[in-house]
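The lines below spell out each chain.
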Amino acid sequence: MCASLLRAAEAPQGRRDAVAERGRKALGAATLFFPGCLSHLPPPLRAINGVGRARQPGCGRGRPDLSASLRRGLARPGPARPAVAAAPAPRPGGSMAFIRRRRLERELYSKERFSLLLLNLEEYYFEQHTANHIINKGHKDERKFRGSLKICSKSIIFEPDDNIQPIIKIPLRDCISIKAPEDNEANNPFTRDTSGGISVVCSQVFLIKERNVIAPYKTIRGRTEHLFQLDVAGKVGDVVQTLHQLYRASCLDKMGDQAAMITAILQSRLARTSFDKNRFQSISETLHMECKAEMVTPLVTNPGHVCVTDANLYFQPLNGYPKPVVQITLQNVRRIYKRRHGLMPLGLEVFCTENDLCSDIYLKFYNYQDRDEVYFLIATYIENHIAEHTAESYMLQWQRGHISNYQYLLHLNNLADRSCNDLSQYPVFPWIIADYSSSVLDLTKPETFRDLSKPVGALNKERLDRLLTRYQEMPEPKFMYGSHYSSPGYVLFYLVRVAPEYMLCLQNGKFDHADRMFNSIAETWKNCLDGATDFKELIPEFYENDPSFLVNSLKLDLGKRQGGKIVEDVELPPWASGPDDFLQKSQEALESQYVSEHLHEWIDIIFGYKQKGSEAVAAHNVFHPLTYEGGVDLNSIMDPNEKVALLTQILEFGQTPKQLFTTPHPQRIIPRLKSLSRTSSHSVSITESPVSPNEESFEDLTEESITLAWNNIAKLKLDEQYKIHKEAITGIAVPCSGSSVFTTSQDSTLKMFSKESKTIQRSVSFSNMALSSCLILPGDTTVISSSWDNHIYFYSVAFGRQQDILMGHDDAVSQIRWCDGRLYSASWDSTVKVWHCVPGATLSNKKHHFELLAELEHDVSVNTIDLNAANTMLASGTKDGTISVWDVTTATVLHQLPCHSGTVFDAAFSPDSRHLLSTGEDSCFKVIDVQTGMLISSVTTDEPQRMTCRCFKWDGNTILSGAQSGELLIWDLLGGKVTERIKGHTGAVTSMWMNEQCNSVITGGEDKQIMFWKLQY
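Source: prediction; values computed, not measured.

*Asks:* Run through the pattern of salt bridges, naming residues and quoting values.
*Replies:* One pass over the full model with this rule turns up 28 salt bridges. Measuring nitrogen to oxygen at the nearest pair gives 3.1 Å for the salt bridge that ties Lys526 to Asp530. Of the two residues, Lys526 and Asp530 both sit in helix H13 (residues 521–530), four residues apart, roughly one turn of that helix. For Lys526, a relative accessible area of 52% puts it in the exposed group. We classify Asp530 as partly exposed; its relative accessible area is 36%. With a shortest N-O distance of 3.6 Å, Glu967 and Arg946 are connected by a salt bridge. Of this pair, Glu967 sits in the loop between strand E37 (958–963) and strand E38 (968–972) while Arg946 sits in helix H19 (residues 944–947); the two residues are 21 residues apart in sequence, bridging distant segments of the chain. Residue Glu967 is classed as buried on the basis of its relative accessible area, which comes to 10%.

*Asks:* So what's going on with the packing of aromatic side chains? Residues and values would help.
*Replies:* Across all of its chains, the model carries 37 aromatic pairs by this definition. Relative to Phe429, the ring of Tyr406 lies with its centre 5.7 Å away and its plane at 50°, an arrangement referred to as tilted. Taken together, the residues span a long stretch of sequence, with Tyr406 in helix H9 (residues 405–415) and Phe429 in the loop between H9 and helix H10 (461–473) at a distance of 23 residues. When its relative accessible area of 0% is taken as the criterion, Phe429 is described as buried. Arranged with centres 6.2 Å apart and planes meeting at 35°, the rings of Phe753 and Phe1012 form a pair that is tilted. Here Phe753 is found in strand E18 (residues 749–754), whereas its partner Phe1012 is found in strand E42 (residues 1009–1015), with 259 residues between them in sequence. For Phe753, a relative accessible area of 3% translates into the label buried. Classification of Phe1012 by relative accessible area gives buried; the value is 5%. Through pairs of rings, three or more aromatic residues link up here, namely Trp431, Tyr436, Phe493, Tyr494, Phe518, Trp525, Phe542, Phe549, Trp575 and Phe582. The aromatic ring of Phe114 is capped on one face by Lys150, whose charged end is 4.8 Å from the ring centroid.

*Asks:* Can you tell me about the environment of Ser393, naming the residues and giving the values?
*Replies:* For Ser393, the position within the fold is in helix H8 (residues 391–399). Separated by 542 residues in the primary sequence, Ser393 and Leu935 place their C-alpha atoms 9.3 Å from one another. Those residues within four positions of Ser393 in sequence are excluded, and the remaining contacts are Ile936 and Ser937.

What counts, and where the lines are drawn
- Residues numbered from 1 in each chain as written.
- Predicted model: local features only at pLDDT ≥ 70, side-chain atom pairs only at ≥ 80, totals over all residues.
- Heavy atoms only, no water.
- Salt bridge = Lys/Arg side-chain N within 4 Å of Asp/Glu carboxyl O.
- Helix = DSSP H or I, 4+ residues; strand = E, 2+ residues; numbered from the N terminus.
- Buried < 20%, exposed > 50% of the residue type's maximum accessible area, 1.4 Å probe, protein only.
- Phe/Tyr/Trp six-rings, centres within 6.5 Å; stacked < 30°, edge-to-face > 60°.
- Lys NZ or Arg CZ within 6 Å of the ring centre and 35° of its normal.
- Contact = heavy atoms within 4.5 Å.

Put into C-alpha cells, the structure is as follows:
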C-alpha cells in the first residue's frame, strides 16, 4: 500500500492523482499512510500495467540508442562481471525456500536466462518461437542475433542465445506498430531473404541482463524498430494476429478491462488444448479428473492443465515452461493444504516432505469446485498413510518439548496459509532480540529480549500514543497501523542479496534507493521501533543456517548510501563475529527459556485470539480490515476495475494470517533442570526433550522406573486370564498388598478374586441392578461400589458384609472417586456430588456419616469423572460429549468444551495435571490444556468399529487403551497413530487398572474375563 503511494510520488502528476484517487476509492476515506512515510516505506511495488513507473530523465536529446548499445556489446566484449547464474546453492538446513527451488529449476530444467520474473504482475507467458533479431537491416553494420522470441500477454521478449547480449523486453502498450511485411511493398526491408519476418516499432524498450549480469534494467526511450525473423515462416500470420489482440488489451484505459480481455484470451487458449495423456508415467494409469489451473511461484503464475490419476498428480504448463510436465507421485505426498490465494479460496499446496517449508507444487484453480475435487482425490489417496496434523496437535508436541519453537512457528505459519510461494503471505517470524549494541549477548537477562506480548507497533510508547490519537479521531473503518508487519516488499527487503531478480521484478527493474536497503540489523530494528510506518516482523531465514541473505556474495551493485558508502554485506551487531555466528545466536535466543515462556503471547497476537475483535483493540493490534481473511468479498464486487485495483493494493500491502486460535494460547511447559537447545536441523529428539513425560509429577526415585515402564509399554505380555463374571466387567480395584482383585460387573455382583489361590473368594450382590465401578478405601478394609440403582454401597472386607449405603442420587451412579476423606460421585441425574465421609467404627454397628459439600450440576447425564494429582480439579464427561473442568475448592466450573459427538467414555488428567485426555463414542481422543481450556489435540481412529476406546491409561505422551476389538492399543499421542496392537479380550475392553510403577496392568472386558498383564523388559 505504501509502495503504491511511492510509485505515485515518482510518477507524473496526472498519474499520481489517478493512483491516489484509486487508492482512496478502494480503501475508503481514511488514508493508510502517515505524513512523511516515504522514507520508511517497503521497497515500492510494481503497477499492474507495464514495467516502467515513470518517465526518467534523459528521454530527449542524448538518450541511449538501442542499436548502438547492442553494437557496443558485440564490438567490445571486454571484461564482464561474473555471471550470477553460477552462484552456489545455499547450505542444507536453511529454508531460503523459493530461492532454493529456483536454483534447482535452473540446474535441472533450463540453461536459459529467461524466467517468468521478467513478466509484469498478472502477466502470462503464452508461446515462444525460434527467431533472429535483425539490427540495422540493409545497412553495412547489419547484425543478426539468434534467439527465442517470447509472446507474453503484456510484452514481447527476445532472449539472445549469446549471453553477452541483453534480453530485450518491449511492452505492448509502448508499441507503435506490429506488422508482417506485405509482398508488394517495394521498400520493405523484408523483401530480400526475410521470409517469416515481423516488424515491431515501439517508443520504449528495456534491456535486461546485459553481459549476463543481474542489474537494474536499462531503459531505451524513443522510436526504434525491431525486426524478428521466425524460423517457421508459416507462423508469422498467427503470431501477428495474437500480438494485435494482446496490443488492443494492453491499450485499454481501465485495469479491469485489460484483465478481463487477457483472461478471455487465456481461457480461449486453455479451452483449445488439453492434457497430453502421452505424458502419463504408465499406460495403466486411470484418469480421475482434468481441469485448468495455474502453478504459483513467487510473484508469478503459470497457466496450464492439471490431471489426477490413480497414481500421480500432473501439471502441464500451457507454454511448456520450465519443463513440459510437472509430476508428483501420490505415494510420495506427505501433506496437502487448501490455500487462500488472492483473497479467494482457490489455492492448493502439496508437500512431499514432512518439515520442509518449501512445497513441491502450489496450484491456483479457477473455481473452488475444481480445487476441492483435486484435494479430495489426493487426500483420499493418502489418508490411510498419513495422520492429519492440526494446530492443536502441533501445540501439544510443542508444549511438551517434542518440537522446537522454530518448528512450531513453521507449522503455525503453514496452517495459517503462509507459503514461500506467495510473498503476500510469506511465513512471519518475530523479532526476538532487542539488544544490538552490546559486545556480548546475554540471554539470561530479560531486557535482552523484545516484549513478545506486544505487536511491533506498540513497542515504542511515544509512537503508540501518536497512533492511538490518530485512531480515536479516525472514522470507520478504524485501524491503528498504516502498513503491515509482512508484505512482499518487506520479504524482499531482507532477501535482496540472494533474490535480486525477485526484487527487480517487484520494483519494475530497479533496486531500491541505497539508504532504504537492508543495510544494518541495528538500523532496521531501530526503524521498526521509531519509524512512523515501519512495523515489520522478521522471516524464517533469520533463525536458520544459511547466512547468504546477509552477504553480498553475488557482488551486486546495490548503490551508494549518503556519504558515499557502498552497499555490500549487512552490518551485524557487535556481539556477532560473523553471519554464521549471528544466525547461531539468533537460534539460541529463539529457543531460550525466556522466549519459551513468552512465545505464546506473540502467537496470541499473530495467529490467536488477539488478532481480531475487542481483544485486538485492547492489544493495540488493529490493521486495515481489508487485510484480514473475510475482510472483503471479491465476488460481491461487480466493477472489474474496482476489483482489480482493490486486489492489487491488498496483495501489495500484505495479509494477516488465518486465525488459528480463538482462546488464549497455553504456555509452554518449561523444564527446571534441562537446558533447551536445538540441533542444526532444528530437531529436538525425544531423549533430548526439555520435558520428560513425568518430569514435574514425580520427584523421587520412582520417576525413573515409571519412565522406563512407559518407554517399554509395548512389551506388555499376557500373564493370566480368568472368567469370573456373567456379564461385562465395569470396575477393577486392587489393595496395596496386591494379593486380591475386586471387580464389579453388569451382572450386579462385586467379586473378590485371590491371585494366590486363583479362585473367587467373595461374591456379593447388593441389588438386582448393574454395578458401575468400585474402589478401595485407604487401609484396604472397605470397598465402595456404585450402582445403577442410584445407590453407593460400602462393603467391609474384614466382616464380609455390606457396611453402609449412600442414597445420594436420583438416577444411576456411573462412577466414583475417593480422596482425603471425600467421596466424589457422578450420576446420570446430571450431577457430580462431593461428600465428606466419616467412616463408622470398624468393630461396631456405627454407620458412616455423609455430609454433602458440593453439587456440580450438568445439563445431561455424567458418565465419567477424574481428579488431578493435587485433588484441586475435577474433570467430568457427559453423555452429550461435553468435558468440564471444575475447581473443587470453590465448586465452580473452569472450562467447559463440547469435545465429543456422543458419550464420553473416559477422561483422565496427565500426571503433571497440565493436560486432560478424553475418549468417547465418536472414536476420538481429545486433549485439553487445563490452564487455558483450549482443545489442543484431536486424534481419530482409523477403524471406528474396532478401535473405539472405552478405557485408557496415559503418561502425558503415550496412551494404553482398551479397544472395542478387545485389543490393547499403544498410541503415540504426539504422532497421532497406533504404534502397537496387543491381542487380548474377545469383546470390548471395558475396564483397566494400572499399578503405581506402571509395570502391571489388569483389564476387564465384555467377554466377562479379567486379564493380568506384565511388562517383560
